[in-house]
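This is what each chain is made of:
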Amino acid sequence: MALIVAIDGPSGVGKTTTSKLVARELNLPHIDTGAMYRAIGLAATRRGIGVQDADALETLASNTTIEFVPGDPPRVLLEGEDITGLIRTPEISMAASHVSAVPAVRRVLVRMQQELGRRKGGVLEGRDIGTKVFPETPHKFFLTARPEVRARRRHNELIAKGQDVPFETVLAEAVQRDRQDSTRADSPLMHDDTYTVVDTSDLSIGEVVERIVAKVRGAGRGSR
């Protein structure tokens, strides 16, 4: 089996940056599954498809092309359009959370993710990689952080992009999304004792990456 590293956790814990760096260290592709749901959320918003319209959302997901283009930074393409800068807004974050709660959409995107991972391996980030997408991988990590820390990080990102959103709004949306993702019926945000849990609240990105890479390489040495 190709080497698969699963990095799960809520928003604001540093999954995307951590996953990119872990992929670079291990010479693996980086597969941003969250960006896939965000892309579908953006497409649904543009077309006026409601979050309750499961059939229309499934059709949309099944007929949409999402591509990842390596680079610094890597880009996300939706039907050939570069949407990298469009899918990180609070509006699309919530749309992605709604879309990801639709079982039919998850089935379509999980198949895409499995196909991508089985080709060349990869570092996959999301909310159910180790429980649903690649439950068989021994390399599972769950990143967490205190809610106020996660909200502060997200708030700083938005400010850096010129989006003047009140910190209280970002914190409230983070709590709401956690509740929604943790209580959905299909593939809720969770982890079990097969995961290594890393609290990133007081760690630098470099320290988080170092822990994950050391654990993966240590497991590889132990298996020989």
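Up top is the structure.
Below is a summary of the structure that appears in this document. (Residues numbered from 1 in each chain as written. Predicted model: local features only at pLDDT ≥ 70, side-chain atom pairs only at ≥ 80, totals over all residues. Heavy atoms only, no water.)

Points about the sheet that holds strand β2 (residues 30-32)
At step 1: With parallel pairing, the five strands of this open sheet are ordered in space as β2-β6-β1-β7-β8. The open sheet is flanked by β2 and β8 (196-199), the only strands paired with a single partner. Strand-to-strand twist in this sheet, taken as the mean axis angle between neighbours without regard to direction, amounts to 20°.
At step 2: Of the strands in this sheet, β2 and β6 (122-126) touch helix α2 (residues 33-47), which is tilted by about 35° from β2. (Pairing = 2+ DSSP bridges. Helix = DSSP H or I, 4+ residues; strand = E, 2+ residues; numbered from the N terminus. Axes fitted to C-alpha atoms, helices over the stretch in contact; angles between N-to-C directions. Contact = heavy atoms within 4.5 Å.)

With respect to the sheet that holds strand β4 (residues 75-78)
Strand pairing in a sheet relies on backbone hydrogen bonds. The paired strands run either parallel or antiparallel.
At step 1: In space, the three strands of this open sheet follow the order β3-β4-β5, with antiparallel pairing throughout. The two strands at the open ends of the sheet, each matched to only one other strand, are β3 (66-69) and β5 (81-82).
At step 2: Pairing of β3 with β4, which is carried by four bridges, proceeds in the antiparallel orientation. Residue pairing for β4: phenylalanine 68 is matched across the bridge by valine 76.

Quick word on the pattern of salt bridges
At step 1: All told, the structure shown has seven salt bridges when counted by the stated rule.
At step 2: Between glutamate 81 and arginine 46 there is a salt bridge, with its nearest N and O atoms 2.8 Å apart. Linking glutamate 81 in strand β5 with arginine 46 in helix α2, this pair joins segments that are 35 residues apart in sequence.
At step 3: Given a relative accessible area of 32%, glutamate 81 falls into the partly exposed group.
At step 4: Here arginine 146 ties to glutamate 148 by a salt bridge, and the two come within 3.6 Å at their closest N and O atoms.
At step 5: Among the residues examined, arginine 146 registers a relative accessible area of 36% and is labelled partly exposed.
At step 6: Under the relative-accessibility criterion, glutamate 148 is labelled partly exposed at 41%.
At step 7: Several salt bridges converge on common partners, so that one network encompasses Arg146, Glu148 and Asp202. (Salt bridge = Lys/Arg side-chain N within 4 Å of Asp/Glu carboxyl O. Buried < 20%, exposed > 50% of the residue type's maximum accessible area, 1.4 Å probe, protein only.)

Details of the packing of α2 against helix α4 (residues 90-100)
At step 1: At a minimum axis separation of 8 Å, α2 and α4 run at an interaxial angle of 100°. Classified by the interaxial angle, the pair formed by α2 and α4 is roughly perpendicular. Residues Tyr37, Arg38, Ile40, Gly41, Leu42 and Thr45 of α2 touch α4, and the partners they reach there are Glu91, Ile92, Ser93, Ala95, Ala96, Val99 and Ser100.
At step 2: Grouping the amino acids of the contact of α2 with α4 by side-chain chemistry returns seven nonpolar, four polar and two charged. (Parallel < 35°, antiparallel > 145°, perpendicular 65-115°, else oblique. Nonpolar A, V, L, I, M, F, W, Y, C, P; charged D, E, K, R; others polar.)

Some thoughts on the environment of glycine 12
At step 1: Here glycine 12 is to be found in the loop between β1 (4-8) and α1 (15-26).
At step 2: Judged by relative accessible area, which is 24%, glycine 12 ranks as partly exposed.
At step 3: Once the C-alpha coordinates of glycine 12 and arginine 152 are considered, the two residues, 140 residues apart in sequence, prove to be 8.4 Å apart.
At step 4: For glycine 12, the residues in contact, after removing those within four places along its chain, are Arg150 and Arg153.

So, the packing of α2 against helix α3 (residues 54-62)
Relative placement of two packed helices is described by the angle separating their axes and the distance separating the axes.
At step 1: Two elements in contact, α2 and α3, have axes separated by 10 Å at closest approach and are oriented at 120°. Classified by the angle between their axes, α2 and α3 sit oblique to one another. As α2 packs across α3, the resulting crossing turns out to be right-handed. For the pair α2 and α3, contact is made by Ile40, Ala43, Ala44 and Arg47 and by Leu57, Leu60 and Ala61, respectively.
At step 2: Here the contact of α2 with α3 is built from residues that sort into six nonpolar, no polar and one charged. (Left-handed = near helix turned anticlockwise from the far one by under 90°.)

As for the pairing of β4
At step 1: Counting the residues between successive antiparallel strands, the hairpin from β3 to β4 contains five residues, one of them, glycine 71, with a positive phi of roughly 155°.
At step 2: Where β4 and β5 come together, two bridges link them in antiparallel fashion. Bridge pairing in β5 places leucine 78 opposite glutamate 81.
At step 3: Counting the residues in the hairpin turn of β4 and β5 gives two residues, including glutamate 79, whose phi is positive at 50°.

Brief notes about the environment of proline 103
At step 1: Here proline 103 is to be found in helix α5 (residues 103-120).
At step 2: Between the alpha carbons of proline 103 and alanine 54 there is a distance of 8.3 Å; along the sequence they are 49 residues apart.

All we've got here are geometric facts, nothing functional implied.
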